[in-house]
Amino acid sequence: MAINHSDFTKVVHAGVEPEPRTGAIMTPIFQTSTYVQQAPGEHTGWDYSRAGNPTRDALEASFAALEGAKHGLAFSSGLAAEQAIIQILDPGDEVIVCDDVYGGTGRLFRTLYAKYNLKFHFVDMTDIDAVKKVSNSKTKMLWVETPTNPLLKVIDIRKMSHLAKELGALLVVDNTFSSPIFQSPLEFGADIVMHSTTKYIGGHSDIIGGAVMTSDDELHEKIKYVQFAAGAVPGPFEAFLLLRSIKTLAVRMEQHQKNAMAIAKFLEGHSKVESVFYPGLESHSHHEIAREQMKGFSGMVSFNLKGTYDDVVSFLQRLNVFELAESLGGVESLVNHPEKMTHASVPEPLRKELGIGPNLLRLSVGIESADDLIADLDQALNG
Ligand SMILES: *Cc1c(COP(=O)(O)O)cnc(C)c1O
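Worth saying up front: this structure is predicted, and the values here are computed from it rather than measured.

Colleague: Give a description of the domain arrangement of the protein that names residues and reports values.
Modeller: Here the protein is described as being made up of domain 1 (6-246) and domain 2 (249-382). On a C-alpha basis, the centroid separation for the pair domain 1 and domain 2 is 26 Å. Together, the buried faces of domain 1 and domain 2 total about 3,500 Å²; carbon and sulfur atoms form 64% of this surface. Of all residues in domain 1, the largest losses of buried area upon contact with domain 2 belong to Leu 151, Phe 182 and Tyr 200, amounting jointly to 24% of the total for that side. For the interface between domain 1 and domain 2, the tally reads zero salt bridges. The interface formed by domain 1 and domain 2 holds 18 residue pairs in polar contact (both at pLDDT 80 or more) in total. For the side of domain 1 that touches domain 2, the secondary structure elements donating two or more residues are α1 (5-13), α4 (103-113), α6 (157-167), α7 (179-182) and α9 (236-246). Examining the composition of the side of domain 1 that touches domain 2, we find that four residues originate from one element, α7, more than from any other. For the side of domain 1 that touches domain 2, the residue count by class is 19 nonpolar, 14 polar and nine charged.

Now the structure itself:
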C-alpha cells in the first residue's frame, strides 16, 4: 500500500512558518521561561512558558496538521498525554480499554487512576460483543490502541466509534504504532487521538514526548486546561527536535513498512519460527480491517520462536544489527522480549491469556537495508 503523495509535502511544512523578524526557515528554540510585559497584563500573547512557548506552539500546529485535526497539544511524554485525557473524566466514570494495550497505559490506569474511583474494564476489542457486555450508563470513554502491542491485533475504529456514539462516550485512539502517516482515526470517527512521540514521530530514539489531537473545541479546551494546570509540558529543545523529526516522517515510515513486510514474509517461511504477527500479511486474522483503515502496515513485527526459553536467549545473543532494547519507532532496528521487558507489569494471568509467553519477540524494524536485516535474523535463527 502506498503513502498519499501529499503527505510527503505535508510533513515538511506542517505548522511551520518562517520566523517573522529574521526570516529564519527553522523555528528558533525559544529557551525562555517568561516574557517581558509592556504594562501589567499587556503582553505579546506569551506570558509564561508552561502556558505557551513559540517553539511548542509551532509543534502543536504541526501535530494538528499531521492528524488532520483542528487542535494539537504537546506533552512531556506519551503517558503525560494519556493522563491529561483521563483527567477530563469524573470519579465514578468508567472506561473500556483494549486488553492488549501498551504495558505502561495499563499500569497508569490500574495503579494510579483506579484509586480515584475511575473504573477500567480491559476487554478484547476485536470482539464487539465483549465490549457491549461491560458497557453501561457510566461508560464515558472507549480507549483503543490499534494495532495492539505486542500482538498487533487490529481493532475496527469505525465500529468502536458507532458504539461510542450509542453510549454517549468518547472514543480515544492511541495511534502510536501506525503513526499519522498510516492511520487517521479522526476520519473513522475518533474524538481524540494521542501519540507517544517518543516513537515514530520522534523517530531517532533521543526524546520522550506525547501528543493529543482533536477537532472538538470543547474537548481541546478541557485537555489544554489540564496541560496548563498540571504542567506536563515539553521544553523548547524537545519541541525543536520533534519539528525536525516530523519533516522526515513520511520517508521514514515508507522504509519502515517496506522492511517490515519483507521481514514478516521471511519469518513466515522459516522453519524455526512458530508464528508471525504482522497486519500486512494475508495470513493475519485482521488483515481485511487493516487494509480498510490503514494506509500502510507500519514497522512492528512480532513472532514466536520454536524451542525453549534458552534457545530464545541464544537467538537474541547472536543478533548483531538488531539491538535488544525497549521502545520502538527509531531509525535503528530493535528487538524486545515483551514478557520480561515491556509487558512485565501486565498481571501474569492476563499475559498468559493474551499469548505473551517466553517465546514471543517483538521487532521494531528500522530503516536499514532489508537485506542486511534479514541476513542478521537468518544467521541468528540458524546459529
Ligand atoms: C511508548 C508508548 C506509550 C507511552 O509513551 P511514553 O512516551 O513512553 O510515555 C503509550 N502508548 C504506546 C502505544 C506506546 O508505544
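Colleague: Outline the pattern of salt bridges, listing residues and values.
Modeller: Throughout the structure, instances matching the rule amount to eight salt bridges. We note a salt bridge from Lys 153 to Asp 99, for which the minimum N-O separation is 3.5 Å. A residue pair is termed long-range when its members are at least 10 positions apart, and Lys 153 in the loop between β4 (139-145) and α6 and Asp 99 in the loop between β2 (94-98) and α4 qualify at 54 residues. The pair Lys 153 / Asp 99 is uniform in exposure class, with both members buried.

Colleague: I'd love a proper account of the site of the ligand, names of residues and values included.
Modeller: As a structural note, the neighbourhood of the ligand is formed by 14 residues, with Gly 78, Asp 174, Ser 196, Thr 198 and Lys 199 the closest of them. Within the side chain of Thr 198, a nitrogen or oxygen atom sits 2.7 Å from an oxygen atom of the ligand. A distance of 2.7 Å is found between an oxygen atom of the ligand and a side-chain nitrogen or oxygen belonging to Lys 199. Relative to its unbound accessible area of 380 Å², the ligand is 94% covered by the protein chains. In terms of residues, the shell around the ligand owes the most to one element, helix α3 (residues 78-86), which gives three residues. Considered class by class, the residues forming the shell around the ligand number four nonpolar, six polar and four charged.

Colleague: Give me the packing of aromatic side chains: which residues, what numbers.
Modeller: Considering all chains together, one arrives at six aromatic pairs under this definition. Note on Phe 109 and Trp 143: the rings are 5.2 Å apart at their centroids and 85 degrees apart in plane angle, and the pair reads as edge-to-face. Linking Phe 109 in helix α4 with Trp 143 in strand β4, this pair joins segments that are 34 residues apart in sequence. Take Phe 109: its relative accessible area is 0%, and that puts it in the buried class. Residue classification places Trp 143 among the buried positions, given a relative accessible area of 0%. Taken together, Phe 109, Phe 120 and Trp 143 form an aromatic cluster joined through their ring pairs. Sitting over the face of the ring of Phe 122, Arg 110 holds its NZ or CZ atom 4.0 Å from the ring centroid.

Colleague: Explain the nonpolar core to me, using residue names and the numbers behind them.
Modeller: Membership of the largest hydrophobic core comes to 73 residues, with the highest contact counts inside it found for Met 125 and Trp 143. In terms of domain composition, this core takes at least three residues from each of domain 1 (6-246) and domain 2 (249-382). The contacts of Met 125, once residues within four sequence positions are left out, are Ile 96, Val 97, Cys 98, Val 131, Leu 142, Trp 143, Val 144, Ile 155 and Met 160. If you look at the next biggest cluster of nonpolar residues, it comprises 30 residues, including Leu 305, Phe 315, Phe 322 and Val 365.

Colleague: An account of the environment of Ile 208 is requested, with residue identities and associated values reported.
Modeller: Here Ile 208 shows up in the loop between β6 (192-196) and β7 (210-214). Looking at Ile 208, the relative accessible area reads 54%, which means it is exposed. When the C-alpha atoms of Ile 208 and Glu 238 are compared, they prove to be 8.2 Å apart, with 30 residues separating the residues in sequence. Beyond its immediate stretch of four places on either side in the chain, Ile 208 contacts Ser 76, Ser 77 and Thr 198.

Colleague: Please give an account of the sheet that holds β6 that cites residues and values.
Modeller: The strand order β1-β7-β6-β5-β4-β2-β3 describes an open sheet built from seven strands, whose pairing is mixed. In the strand order of this sheet, the two ends are held by β1 (71-75) and β3 (119-123), each with one partner. Direction aside, the axes of adjacent strands within the sheet are offset by 20 degrees on average. The pairing of β6 with β7 spans five bridges and is classified as antiparallel. Bridged to Ser 196 within β7 is Gly 210. Helix-sheet contacts for helix α2 (residues 54-66) involve β1 and β7, and the interaxial angle to β1 is about 125 degrees.

Calculation notes
- Residues numbered from 1 in each chain as written.
- Predicted model: local features only at pLDDT ≥ 70, side-chain atom pairs only at ≥ 80, totals over all residues.
- Heavy atoms only, no water.
- Domains from an automatic or database assignment.
- Buried area = accessible area lost by both parts, 1.4 Å probe.
- Salt bridge = Lys/Arg side-chain N within 4 Å of Asp/Glu carboxyl O.
- Polar contact = N/O pair within 3.5 Å; in protein donor to acceptor, adjacent residues only side chain to side chain.
- Helix = DSSP H or I, 4+ residues; strand = E, 2+ residues; numbered from the N terminus.
- Nonpolar A, V, L, I, M, F, W, Y, C, P; charged D, E, K, R; others polar.
- Buried < 20%, exposed > 50% of the residue type's maximum accessible area, 1.4 Å probe, protein only.
- Near = heavy atom within 4 Å.
- Areas by Shrake-Rupley, 256 points an atom, 1.4 Å probe, with all protein chains shown as cover.
- Phe/Tyr/Trp six-rings, centres within 6.5 Å; stacked < 30°, edge-to-face > 60°.
- Lys NZ or Arg CZ within 6 Å of the ring centre and 35° of its normal.
- Core = buried A, V, L, I, M, F, W, Y, C linked by side-chain atoms within 4.5 Å.
- Contact = heavy atoms within 4.5 Å.
- Pairing = 2+ DSSP bridges.
- Axes fitted to C-alpha atoms, helices over the stretch in contact; angles between N-to-C directions.

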